[in-house]
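Examination of the molecular architecture
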Amino acid sequence: MRCKNRLYLSVAAIAIAGLLAAAPVRAQTAVAIDNDDIGGVVTGPNGPEAGVWVIAETTDLPTRYAKMVVTDDQGRYVVPDLPKARYKVWVRGYGLVDSPKVDGEPGKQLDLKAVAAPNEAAAAQYYPAIYWYSMLKIPEASQFGGKSDIPEKITQAEWLSVIKNRACVGCHQLGQLSTRTIPAAFGEFKSGEDAWRRRTMSGQAAPLMINPLAGYLGGAPYKYFGDWTDRVAKGELPHSKPPRPQGLERNIVVTTWDWGNEKQYLHDLISTDRRNPTVNANGKLFGSPEYATDVLPILDPKTSTVTTFKAPVRDPEMPESLGQGHAAVEKPVAPSAYWGEEKIWDTRVNNHNSMFDGKGRVWLAAAIRGAANPDFCKKGSEHPSAKAFPIDTNVRQLAILDPQTMKYTFVDTCFGSHHLQFDAKDRAWTSGAGPLAGWVDMKIFDETGDAAKAQGWSPFILDINGNGKRDEYTEPNQPVDAAKDMRVTGGSGTYAVMPNPADGSIWYTVGVFAGRGGVMRYDPDTQLSEVFNVPMPGFGPRGGDIDSKGVVWVSLASGHIGSFDRSKCKAPLNGPKATGDHCPEGWAFYQYPGPGFQGIGENSAEASYYSWVDQHDTLGLGKDVPISTANLQDGFAALKDGKMVLLRVPYPLGFYAKGLDGRIDDPNGGWKGRGLWSSSGDRTPWLIEGGKGRKPMAVHFQVRPDPLAK
């Protein structure tokens, strides 16, 4: 009996000693949370899982809501500031498959078990699209110059520009599950090449896919896309693996809300005034639906409530903004695998892009009438700008929505609009006006209500004779005359627009779809312009922005963000040699993260649509940090201290943005008082994870000081 008691005491002592030994381990990994947080530890077969995402999602709120964080080096996590609701919580990460979804509530600890992927194929299903898209074969240099079925004038750089920053990738993410496979609804095909010819005929944007691939590139890309999806179907996997989030990437908090509907996409959103990001603090967000619909979604992130506003047109009899002159057509060219022959886009307003002004009003790049311009825009008008450069038509003008009253005001412009920005003198500048700069003086418009009086426009004139003044000029197709100035078009015209806060000049990206790619500078005081072509290794500009010092940052099809600093130019900025290639030293290039296409040297397959500069440190990475859309990596790439930081939306797979906006809700609120806003901008929201029925999302990125900050 005595021996038995001793045995029980010994077992108890061992158990107590074990508990005491384990206590410090638990204390080291314990997570402090508040009553609106969910926190805990993620462990896998080999212990704590560092650098994986914890996702908390609920449908209890007025719209679907999800928040995502990354675990620290001990596998700990805190999902902060959750609205009161019931959540499903799970783990996603590289090398894993999704863990079972478990129930969670704010204020409670929740330890989670990660599930290792059973094989490489299962793990690869969670890789960003770029890892799959980089498997696409690129024609060798020997195939260009008329030596194959590729048109003779097409270079390898031009080929890459089309298949990365234009054509398909200009509207969709390529490489996610829905695009690296062929929908069964299309039927059976003899080859992947035939399947891709059929795929690009689908829907109301088919001409934007068919014309570049079958026309401009002579149909040659189809066999390369077909070969890609054929290899994927046979089980070939990406040639590299993504690293788990490191450093600052583990401090990122991502919040998403559904808004809009499952059929009609959004181009982007706006949250504040670019010049003063405290405007509309904690306020509602406004979406831009472009060709999809005239119904603008409005999200109140404080209540997770979505409302809508149907934007009107001045002429209700005007035709839809579809067909000739537009980037979408009236009816599907061929049935969609998802919506058949149904017409799902029906806009007149065609709101491409919006901006808040200093008064808290939303300005829209939106059509208000048909394409024919009023007489004051045309030849014979007394309008000063029309005398110099008359304009007969444009398909998109401007409008103003006052969120306080929901009053909608038409601003009829002679020049077109696409993107718009405001300068320090309260002038609205647009891109999309073709070969000219166009502006509206907001003060004059507010005082008079007279759009004709408030607006002006000017062609782009290079100071070829070098006298610092705008003189008689030659036309674009005429020989250079050293005694005259010269008008230039910027190739396909202006794309991005960027008022320079340092000197008041206005910058644009040009040559995005045709002509030499580069940036254009317009001086409102002298009405003279300068153009700077992108030198190799860069090529293929798309969207761009400018920092507070006047350095321009541009998304490039070469797989870089390019910067252009005019202050570094050594050659004269005017004169007969200042025609675009006179300042290569002003350019610098920073390669995007992610794998590259094989066989063409060091590169990134990233296809960035737009770049934006955080002039006011709204995200928390620092002032003047440039941030590009990482369209094949489900988020954004920020250039911080010379290194790329990925801001990824891990769920649902397939997030694709066309714009971004930073807002400060509380200047004294630390990381919680600031953040980056964006919206999923893929023209086909049904292609992302979850498939048909998925809605566009509004997304908020925040950067906290460490992965456990709450």
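Residues numbered from 1 in each chain as written. Predicted model: local features only at pLDDT ≥ 70, side-chain atom pairs only at ≥ 80, totals over all residues. Heavy atoms only, no water.

Structural notes on the overall build of the protein chain
The helix and strand tally for the protein chain stands at ten helices and 41 strands. Relative to a compact globule of 710 residues, whose C-alpha radius of gyration would be 27 Å, the protein chain shows 27 Å and is just as compact. Seen through its principal axes, the protein chain has C-alpha atoms that stretch 115 × 60 × 55 Å. The burial tally for the protein chain puts 59% of its 710 residues in the buried class. For the protein chain, contacts bridging at least 24 residues in sequence account for 63% of all contacts bridging at least 6. Of the roughly 27,600 Å² that the protein chain leaves accessible, carbon and sulfur atoms contribute 53%. (Helix = DSSP H or I, 4+ residues; strand = E, 2+ residues; numbered from the N terminus. Rg over C-alpha atoms; globule rule 2.2 N^0.38 Å. Buried < 20%, exposed > 50% of the residue type's maximum accessible area, 1.4 Å probe, protein only. Contact = heavy atoms within 4.5 Å. Areas by Shrake-Rupley, 256 points an atom, 1.4 Å probe, with all protein chains shown as cover.)

Side note on the pattern of salt bridges
Across all of its chains, the model carries 38 salt bridges by this definition. Across the pair Asp503 and Arg521 runs a salt bridge, and its minimum N-O distance is 3.0 Å. A residue pair is termed long-range when its members are at least 10 positions apart, and Asp503 in the loop between strand E27 (494–499) and strand E28 (506–510) and Arg521 in strand E29 (residues 518–522) qualify at 18 residues. Overall, Asp503 belongs to the partly exposed group, its relative accessible area being 43%. Residue classification places Arg521 among the buried positions, given a relative accessible area of 9%. Here Lys640 and Asp641 are joined by a salt bridge, their closest N and O atoms 3.8 Å apart. For Lys640, a relative accessible area of 23% corresponds to the partly exposed category. When its relative accessible area of 70% is taken as the criterion, Asp641 is described as exposed. (Salt bridge = Lys/Arg side-chain N within 4 Å of Asp/Glu carboxyl O.)

Overview of the state of the cysteines
Under the counting rule described, the total for this entry stands at two disulfides. Each disulfide pairs two cysteine sulfurs, and for Cys569 the partner residue is Cys583, the sulfurs being separated by 2.1 Å. Disulfide Cys569 to Cys583: torsion about the S-S bond roughly -100°, handedness left-handed. Of the two residues, Cys569 sits in the loop between strand E33 (560–564) and strand E34 (587–591) while Cys583 sits in the loop between E33 and E34, which places them 14 residues apart along the sequence. Of the two residues, Cys569 and Cys583, neither departs from the other in class, the shared state being buried. Shown here for the protein chain is a disulfide pattern of 1-2, 3-4, where each number marks a bonded cysteine counted in sequence order. Cys168 takes part in no disulfide bond, and the closest cysteine sulfur to it belongs to Cys171, at a distance of 8.5 Å. (Disulfide = S-S within 2.5 Å.)

Observations concerning unusual backbone geometry
A cis amide bond, omega 15°, links Met536 with the succeeding residue Pro537. Relative to the elements of secondary structure, Pro537 occurs in the loop between strand E30 (529–533) and strand E31 (541–546). Not every positive phi belongs to a glycine, and Glu290 is a case in point at roughly 50°. Tracing the sequence through the fold places Glu290 in the loop between strand E14 (285–288) and strand E15 (295–300). Of the residues examined, Glu290 reaches a relative accessible area of 6% and is grouped as buried.

Section: the sheet that holds strand E18 (residues 362–366)
Pairing is antiparallel across the open sheet formed by four strands, whose spatial order is E17-E18-E19-E20. Here the strands that pair on one side only, and so sit at the sheet edges, are strand E17 (354–356) and strand E20 (407–411). Adjacent strand axes in the sheet meet at a mean angle of 20° when their direction is disregarded. Two strands pair when backbone bridges link them, and E18 and strand E19 (residues 397–402) are joined in this way by five bridges, in the antiparallel orientation. Bridged to Val362 within E19 is Leu401. (Pairing = 2+ DSSP bridges. Axes fitted to C-alpha atoms, helices over the stretch in contact; angles between N-to-C directions.)

Here's the deal with the pairing of strand E40 (residues 674–680)
Most of E40 sits out of view: seven of its seven residues are buried. Residues Arg674, Leu676, Ser678 and Ser680 point to one face of E40 and Gly675, Trp677 and Ser679 to the other, with burial holding for every one of them. Direction of pairing for strand E39 (residues 657–664) relative to E40: antiparallel, over a ladder of six bridges. What sits directly across from Ile664, in E40, is Arg674.

Some thoughts on the packing of helix H5 (residues 192–199) against helix H7 (residues 221–233)
Across the interface, H5 lies against H7 with an axial gap of 7 Å and an inter-helix angle of 110°. As the angle between them shows, H5 and H7 are arranged roughly perpendicular. Like other packed secondary-structure pairs, H5 and H7 cross with a definite hand, here right-handed. Mapping the contact onto sequence places Gly192, Glu193, Trp196 and Arg197 in H5 and Tyr222, Lys223, Phe225, Gly226, Trp228, Thr229 and Asp230 in H7. (Parallel < 35°, antiparallel > 145°, perpendicular 65-115°, else oblique. Left-handed = near helix turned anticlockwise from the far one by under 90°.)

Quick word on the sheet that holds E39
Ordered by their spatial adjacency, eight strands build an open sheet running E8-E6-E3-E4-E12-E41-E40-E39, and the pairing between neighbours is antiparallel. Two strands close off the open sheet at either side, each with one partner strand: strand E8 (102–104) and E39. Shown here is a sheet whose adjacent strand axes are inclined to one another by a mean of 25°, direction ignored. The sheet contact formed by strand E4 (residues 65–70) and strand E12 (residues 252–258) spans four bridges and is antiparallel. Across the sheet, the residue bridging to Tyr65 is Trp257, located in E12.

Here's the deal with the layout of surface pockets
A volume near 1,100 Å³ is recorded for the largest pocket. Along its surface, the largest pocket is lined by 43 residues, and Tyr291, Ala327, His418, Tyr495 and Phe513 are the ones closest to its centre. Sorting the residues of the lining of the largest pocket by element identifies helix H6 (206–216) and E27 as the ones contributing at least two each. Looking at which element gives the most residues to the lining of the largest pocket, the answer is H6, with five residues. Grouping the constituent residues of the lining of the largest pocket by class yields 21 nonpolar, 16 polar and six charged. Quantified by volume, the second largest pocket comes out at close to 400 Å³. Lining the second largest pocket are 18 residues, and of these Lys67, Trp257, Pro301, His700 and Gln702 sit closest to its centre. Listed by contribution, the elements that provide at least two residues to the lining of the second largest pocket are E4, E12 and strand E41 (697–703). A class-by-class count of the residues in the lining of the second largest pocket yields six nonpolar, six polar and six charged. (1 Å grid on protein atoms, 1.4 Å probe; cavity = no way out; pocket = protein on both sides within 12 Å on 5 of 7 lines; lining within 4 Å. Points joined across faces, edges and corners; volume = space filled by probe spheres on them. Nonpolar A, V, L, I, M, F, W, Y, C, P; charged D, E, K, R; others polar.)

Overview of the pairing of E27
The buried fraction of E27 amounts to six of the six residues, a majority that puts the element mostly inside the structure. Summarising the sheet, E27 and E28 pair through four bridges and their orientation is antiparallel. Its bridge partner lying in E28, Val497 is registered against Tyr508. Linking E27 to E28, which pair antiparallel, is a turn of six residues; within it Gly504 sits at a positive phi near 85°.

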